[in-house]
Amino acid sequence: MLVVEAAFPAPLSLVRRVGADQAAWGRGRAFRCSIYCPPEAGPNPTVQLVARHRVYGWFASEPTRPLIPGEWTEAYWPLDAEGAEWISLEHSAAWNNTIRRQLDLICLRLFSSGVETMPEADAPDDWEALDMAASPGPVEVRFADMAIEGVDDPPPPLAILDLKTPAQHAPDVGQRFEIRFDLTRAYENPYDPDCVAVDVDFVGPSGTTWTMPAFYCQDYERRFLADGAEAYDPRGRAQWRARFTPVEAGPHTFIIRARDSAGGACQTAPQAFTATAAPFRGFIRVDSRDPAFLAFDNGELFYPNGLIVRSPDDEREQYDYEFDMMRDRGVAAYEDYFTSMAAHRINFTRVWMSAWWAAIEWTHGYRRDYEGLGRYNQLNAWRLDGIVDLAEKLGIYIDLTFHNHGQFRASIFDAEWYDNPYYKGQGGVVGQPDEFWSDEQARHWLRKRLRYIVARWGASPAIAWWELCNEVDLVGNYQSGKIADWHRAMAQYLKSIDPYRHLVAMHYTANLLDASVQSLPENEICQSTGYRADMVDRLTTMFQGHAAFGKPVYLNEFGVGNSHLELRHNLHSGLWASSVMPLCGTALFWWWPYVHEKNEYPQYVAVANFRSGEDWRGQDYQFSRFEPSPPDCPARSLGSQNDHSARLWIYDSRMYRTTESRRSPVLAARPIAESIWRIDGLRPGAYRVQFWDTWAGRVSAESRVDHEGGAFRLKAPSFERDIACKVDRVEDE
């Protein structure tokens, strides 16, 4: 028996940590308790059982149980999710059997009248009263026979329940098809495939089978605060889901298979649906004819013209730039960014699964909605769902980046290691960042997370590729052999579980070209950064260093400058220099808030106009530099050519190049006189020559030139800042 003093009419809370009894609270059928309530409690005392989950907050049994003053009363509370007695005190999420397997606090609340708010106090390891209000005249309340019933009851047979398919039961080819269902058993960690694994086998009309992992999911809802910031609340009941995108028209079937660590196994009978024929380009691949470029399954070229939107803002530090960040906007920021991007022909972006935004695995101490190693953040997953859905609707493709280098740095800059759930100090499996790459336990846990990522987002054609780590050469104690082996192992695992076989890539800074990683067959795109004022030099160096690997080469981060003007021209030079090189897309600018606030989107329209209708696959374009005449002309150029066409970006070197003595370009527009540019290797014939206004994105001059052989002499008009040029042999059109 437990005797505690109460001071009615103030309520009494008896609180304890779940601790070692967590499994019992998770498995038990009901909780019962006998309570003696003294007459001083008044005529209508009641008792309520409440429980807290550290992410989803407080849940309470409803209604409260009446007590008889001056007598013993036995109270009884069902614990399983089938009882409709439990409600959230904080949001609209439904109580479920997984939540009760992860409780951290239990509380009995006695009221002489009404129901009060929950106490904000640390709970003891055993039942202990918490004073809710000061009042004289304490009396005794007695508790006896507190017990959890049904702890040793056998679990029900494993079965699949409440299978739901979309109301639109005939999805178009290319349209995601989502099924929802429950299991008869609940699990302490439904994200752990060693605990419970659910897979769905989809069979198409051609007989091809796609096996998708299923995933456990809790929905959220969004609300806006007075200042425009977003807040989120769990909504509804958690459930299992599986996603599939049909790639062929006709009748399909699927079977759901489940197995668990207790030996349970089950599967459904085949379920049928029909995919309706519709235009669909497919998923993004390395082009089968020309491995320097990317293409959709239907053979159509994919040429990224992109802008990074890593997260809603960049909150790590205040930057002394002439633009503001969108603060606390969440998914709404992506709605603004993506809508503007799509309207200006931007078709590509990068999104980081960083701790401050879209990571699904991080430490609870960092933020309440994280649960540590092997437990996946459902708020961030729900927000990422919204971003991927929006990208699909707007025709934007995503490089989804799993890790940023700071997660594996313990000191100096961007250090996040001591918050990393893989760190032993946070309950993880390794002590130092460099151990993560080779430790088999760390790999085992990471494979589980990769399985969840593939299950939740792998069916989306908006995922262009999986990026394993951003700027991996900046991780603590970088070791080439370890990284190469880790990349190979993780990429092979991704390919084995991803039926859509998304591309996989690694990412480096300009400081390192690690051939042991970049040359791996499992690294399908060579990516590097370009934080340089001189983008001509950086792009040239990067392309020449990576082209030998015979893969798409992509500069997927750049952007430096201390003012609006410097950032504007850095963006301009990166876009235009990359657009005339044999890269797989235009260079990817970092400062998304700058582009948005200063409305530099028209620069993307201009370069998209220039590249419209261009398909360099199989054309043997070679990177080239072209010499001017007169030799003292301040203009310079770079580009690409084959034997029947050329693409040039001609620029004022005083604006777009730097020297040892001049670290920043002089951004003043000055006239450059007419000049002659020598292009070697063009076949004789008639050529159409177009000069383009790179700021307006349109042809500024066009002529026909008859070329008799030898060096082609390209006469460029006078200009300021820069121009671009297309030279095409007319007969080859």
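Rules used throughout
Residues numbered from 1 in each chain as written. Predicted model: local features only at pLDDT ≥ 70, side-chain atom pairs only at ≥ 80, totals over all residues. Heavy atoms only, no water. pLDDT = per-residue confidence, 0-100. Contact = heavy atoms within 4.5 Å. Patch = residues over 30% accessible without salt bridge, like charges linked within 9 Å, V, L, I, M, F, W, Y side chains within 5 Å. Areas by Shrake-Rupley, 256 points an atom, 1.4 Å probe, with all protein chains shown as cover. Salt bridge = Lys/Arg side-chain N within 4 Å of Asp/Glu carboxyl O. Helix = DSSP H or I, 4+ residues; strand = E, 2+ residues; numbered from the N terminus. Buried < 20%, exposed > 50% of the residue type's maximum accessible area, 1.4 Å probe, protein only. Axes fitted to C-alpha atoms, helices over the stretch in contact; angles between N-to-C directions. Parallel < 35°, antiparallel > 145°, perpendicular 65-115°, else oblique. Left-handed = near helix turned anticlockwise from the far one by under 90°. Core = buried A, V, L, I, M, F, W, Y, C linked by side-chain atoms within 4.5 Å. Phe/Tyr/Trp six-rings, centres within 6.5 Å; stacked < 30°, edge-to-face > 60°. Lys NZ or Arg CZ within 6 Å of the ring centre and 35° of its normal.

K.L.:
Give me the lowdown on the confidence of the model for the protein, citing residues and values where you can.
P.N.:
Per-residue confidence for the protein gives a mean pLDDT of 93, with 93% of residues at or over 70. Segment residues 131-136 is flagged for pLDDT under 50; beyond a separation of four residues in sequence, or across chains, it makes eight contacts in the model.

K.L.:
Now, about a nonpolar patch on the surface: what can you tell me, with residues and values included?
P.N.:
Side chains of Met1, Val3 and Trp72 sit close together on the surface and give an oily, nonpolar patch of about 340 Å² of accessible area. Structurally, the position occupied by Trp72 is in strand β7 (residues 71-78). Overall, the relative accessible area of 40% leaves Trp72 in the partly exposed class.

K.L.:
Tell me what's going on with the packing of helix α2 (residues 331-343) against helix α3 (residues 378-394), and back it up with residues and numbers.
P.N.:
Two elements in contact, α2 and α3, have axes separated by 10 Å at closest approach and are oriented at 15°. As judged from the angle between their axes, α2 and α3 are roughly parallel. Handedness of the α2/α3 crossing: right-handed. Here α2 contributes Val331, Tyr334, Glu335, Phe338, Thr339 and Ala342 to the contact with α3, which in turn contributes Arg383, Ile387, Leu390, Ala391 and Leu394.

K.L.:
Break down the nonpolar core for me, with residues and values.
P.N.:
In terms of nonpolar packing, the biggest core is built from 186 residues, with Phe143, Leu183, Phe338, Leu400, Trp466 and Phe589 touching the most fellow members. With nine residues, helix α5 (residues 480-497) is the largest single contributor of residues to this core. When near neighbours in sequence (up to four residues on either side) are disregarded, Phe338 contacts Val309, Thr349, Ile387, Leu390, Ala391, Leu394 and Ile396.

K.L.:
An account of the packing of aromatic side chains is requested, with residue identities and associated values reported.
P.N.:
Taken as a whole and judged by the stated rule, the model has 58 aromatic pairs. Aromatic side chains Phe202 and Phe244 sit 4.2 Å apart centroid to centroid with 5° between the ring planes, which places their arrangement in the stacked category. Note that Phe202 is positioned in strand β15 (residues 196-203) and Phe244 in strand β20 (residues 239-244), a separation of 42 residues in sequence. Both residues of the pair, Phe202 and Phe244, count as buried. Between Phe202 and Phe273, the ring centres sit 6.5 Å apart and the planes meet at 80°, which makes this aromatic pair edge-to-face. Within this pair, whereas Phe202 is found in strand β15, its partner Phe273 is found in strand β23 (residues 271-275), the two being separated by 71 residues in sequence. Overall, Phe273 belongs to the buried group, its relative accessible area being 3%. An aromatic cluster is defined as three or more aromatic residues linked by ring pairs; in this entry it consists of Phe177, Phe202, Trp210, Phe244, Phe254, Phe273, Phe280, Phe283 and Tyr500. The ring of Phe610 carries Lys726 above its face, with NZ or CZ at 4.8 Å from the centroid.

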